[in-house]
Amino acid sequence: MSDKIIADGKNNRSMVIDLMKCLCCLGVVCLHTLFENINVGTENLVVEGGGWSQFVHMMQIILRICVPTFFLLSGYLFCKNYKGWTRGWFMGKYKTRVRSLLVPYLVGNVIVFILFYVSNYVAGGLMGAGVTHNMGYAWYELPKFLWSPVANPVFWFLRDLMVVIALSPILIKLLEKLGWIVVSILGILWFTDVWASPFSGFSSSSFFFFSMGAYFSMSHITLDTIRIKGIGAIALLYIALLVICFFHDRSVISHLSILVGLPVLFVGVRRLSSLPFFKKVNYSFWMPATFFIYAYHHVVQVPLKKLLFVIIRPESPIMNYVIYLVTVIIVVFGLAFIYRLLCIIMPKYTWLFSGK
């Protein structure tokens, strides 16, 4: 998440890419904070009506673009300064990804493992909040937990990304030789759901979008300044696909909406980044902070929204929206505050949680 754009031999941050990653991190928080059931015993505290279930469904459709965007940006930044297939180049990339991905992944999983392990015995399963987590792991099963982090779904993305990066020498060599043909084949495998690997971590989505981003970089297509003809028509098509997904959420339509939505997202974020408010954002803080929020939001939002429902005991459907919004706000700014404290207390080691 903390990669830098490298251009003309200098390290220059791209405000568009930084803003894109921050917004996608927050988009994942909004996605995971959605709820249809908040169970206390056998009682579901979510109030029916008020268009809540439709709102949840539509938000899931809109925000599903966030993770593919992460994979695309990861591939794009991984190959941003690619000048030829050499062992030294890959070793340098692996070294930086150990600090920016592997270490935060291991630290985050251990922290989550401990939190859920303790909550099972101390908090009476409060962390569950209507979601069943099998936390019956013994300590010697921690390696298994590290590969399949069931308690924190955001780490599935990091694991799959690291698998692609581990195999990147093969993937990039193929891209170097065959270019768009490789991207097209991976795209077909993803689009048709033909790729159904029995091994967790080898997802078609990760390989396709990472290779797409890598191909853009290797072809010197700059995503942060890209101009797309007919973007207005593409935006209208994207909206139409979202509406169709709302009524007929089939895999093919869903995948198509993501592909069509990507150029709309990039152009939209580029225009947002030119607004005075976003020009004043301190990205040197918010980039690692949003990664920290992204990495730990699940263990906060799950018990928080359940606690709010237990305290408020809502009777009106409007309270579903209120509790959802309050949960998102508390999670985002609460974790940002915690990250700020970590920066003050242990400035040399905050990268263990957010990468560098």
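Since the structure is predicted, the reported quantities are computational estimates derived from the model, not experimental observations.

So, how was this worked out
- Residues numbered from 1 in each chain as written.
- Predicted model: local features only at pLDDT ≥ 70, side-chain atom pairs only at ≥ 80, totals over all residues.
- Heavy atoms only, no water.
- Helix = DSSP H or I, 4+ residues; strand = E, 2+ residues; numbered from the N terminus.
- Contact = heavy atoms within 4.5 Å.
- Areas by Shrake-Rupley, 256 points an atom, 1.4 Å probe, with all protein chains shown as cover.
- Phe/Tyr/Trp six-rings, centres within 6.5 Å; stacked < 30°, edge-to-face > 60°.
- Buried < 20%, exposed > 50% of the residue type's maximum accessible area, 1.4 Å probe, protein only.
- Lys NZ or Arg CZ within 6 Å of the ring centre and 35° of its normal.
- Expected span 1.5 Å × (residues − 1).
- Core = buried A, V, L, I, M, F, W, Y, C linked by side-chain atoms within 4.5 Å.
- pLDDT = per-residue confidence, 0-100.
- Axes fitted to C-alpha atoms, helices over the stretch in contact; angles between N-to-C directions.
- Parallel < 35°, antiparallel > 145°, perpendicular 65-115°, else oblique.
- Nonpolar A, V, L, I, M, F, W, Y, C, P; charged D, E, K, R; others polar.
- Polar contact = N/O pair within 3.5 Å; in protein donor to acceptor, adjacent residues only side chain to side chain.
- Patch = residues over 30% accessible without salt bridge, like charges linked within 9 Å, V, L, I, M, F, W, Y side chains within 5 Å.
- Salt bridge = Lys/Arg side-chain N within 4 Å of Asp/Glu carboxyl O.
- Left-handed = near helix turned anticlockwise from the far one by under 90°.

## Concerning the overall build of the protein chain
Item 1. Within the protein chain, the regular secondary structure consists of 15 helices and 4 strands.
Item 2. If you take every contact in the protein chain between residues at least 6 apart in sequence, the share linking residues at least 24 apart comes to 77%.
Item 3. Accessible surface, the protein chain: about 17,200 Å² in total, of which carbon and sulfur atoms supply 69%.

## A look at the packing of aromatic side chains
Item 1. This structure, assessed with the given rule, holds 29 aromatic pairs.
Item 2. Centre to centre, the rings of F78 and W89 are 5.6 Å apart; their planes meet at 85°, and the pair counts as edge-to-face. A residue pair is termed long-range when its members are at least 10 positions apart, and F78 in helix α3 (residues 66-78) and W89 in helix α4 (residues 87-122) qualify at 11 residues. With respect to burial, F78 and W89 carry one shared label: buried.
Item 3. Ring geometry for W89 and F90: centres 5.0 Å apart, planes at 90°, overall edge-to-face. Each member of the pair, W89 as well as F90, carries the same accessibility label: buried.
Item 4. Ring-pair connections join several aromatic residues into one group, and the members of that group are F35, W52, F55, F309, Y321 and Y324.
Item 5. Here the guanidinium or amino end of K356 rests over the ring plane of W351, the centre of that ring lying 4.8 Å away.

## A short note on unusual backbone geometry
Item 1. The backbone phi angle of H220 is positive, close to 60°, even though this residue is not glycine.
Item 2. Position of H220 among the secondary structure elements: in the loop between α9 (204-218) and α10 (231-247).
Item 3. With relative accessibility at 68%, the residue H220 sits in the exposed group.
Item 4. Of note, the phi angle at R313 is positive, near 50°, even though the residue is not glycine.
Item 5. Tracing the chain through its elements places R313 in the loop between α13 (283-312) and α14 (318-345).

## A word on α9
Item 1. The end-to-end C-alpha separation of α9 is 21 Å, in line with the 21 Å expected for 15 residues at 1.5 Å each.
Item 2. Where α9 ends, the next residue or the one after it, H220, has phi of about 60°, a positive value.

## As for the nonpolar core
Item 1. Counting 97 residues, the largest nonpolar core has F78, C79, I172 and F209 as its most contacted members.
Item 2. For this core, the element with the highest residue contribution is α13, accounting for 14 residues.
Item 3. If sequence neighbours within four positions are ignored, C79 has contacts with W89, I172, A214, S217 and M218.

## Quick notes on the confidence of the model for the protein chain
Item 1. The predicted model of the protein chain averages 85 in pLDDT, with 85% of residues at 70 or higher.
Item 2. Strand β1 (residues 6-7) is the least confidently modelled element of the protein chain, averaging 32 in pLDDT, while α14 averages 96, the highest of any element.
Item 3. With pLDDT under 50 throughout, residues 1-12 is counted as low confidence; its partners more than four residues away or in other chains account for 30 contacts.
Item 4. For the stretch residues 125-135, pLDDT sits under 50, and the model shows 30 contacts to residues farther than four places along the chain or on other chains.

## Examining the packing of helix α1 (residues 15-33) against α13
Item 1. Put simply, α1 and α13 touch, their axes get as near as 9 Å, and they point 5° apart. Between α1 and α13, the interaxial angle falls into the category roughly parallel. Between α1 and α13, the contacting residues are M15, D18, L19, K21, C22, C25, L26, V28, V29, H32 and T33 on the first element and Y283, W286, M287, T290, F291, I293, Y294, H297, Q301 and K305 on the second.
Item 2. For the contact of α1 with α13, the per-class residue count stands at 13 nonpolar, 5 polar and 3 charged.

## Remarks on the side chain of K93
Item 1. Secondary-structure assignment places K93 in helix α4.
Item 2. Reaching out from K93, the side chain makes a polar contact with the backbone oxygen of F78 at a distance of 3.0 Å.
Item 3. Every residue in contact with K93, bar those within four places of it in the chain, is listed here: L77, F78 and N81.

## A closer look at the side chain of R159
Item 1. Along the polypeptide, R159 turns up in helix α6 (residues 154-166).
Item 2. The class of R159 is buried, set by a relative accessible area of 4%.
Item 3. A polar contact is formed between the side chain of R159 and the side chain of D160, at a distance of 2.9 Å.

## Notes on a nonpolar patch on the surface
Item 1. A cluster of nonpolar side chains, contributed by L167, I170, L174, L178, W180, I181, I185 and F202, occupies part of the molecular surface with about 730 Å² of accessible area.
Item 2. Of the residues examined, I181 reaches a relative accessible area of 36% and is grouped as partly exposed.

## Topic: the packing of α1 against helix α11 (residues 251-273)
Helix packing geometry: the angle between the two helix axes and the distance between the axes.
Item 1. Where α1 contacts α11, the two axes come as close as 9 Å, and the packing angle between them is 110°. By the criterion of interaxial angle, the relationship of α1 to α11 is roughly perpendicular. Pair α1 / α11 crosses with right-handed handedness. Contact with α1, carried on its side by M15, V16, L19, M20 and L23, involves L265, F266, V269, R270, L272 and S273 of α11 and no other residues of that element.
Item 2. Residues belonging to the contact of α1 with α11 are distributed by class as follows: 9 nonpolar, 1 polar and 1 charged.

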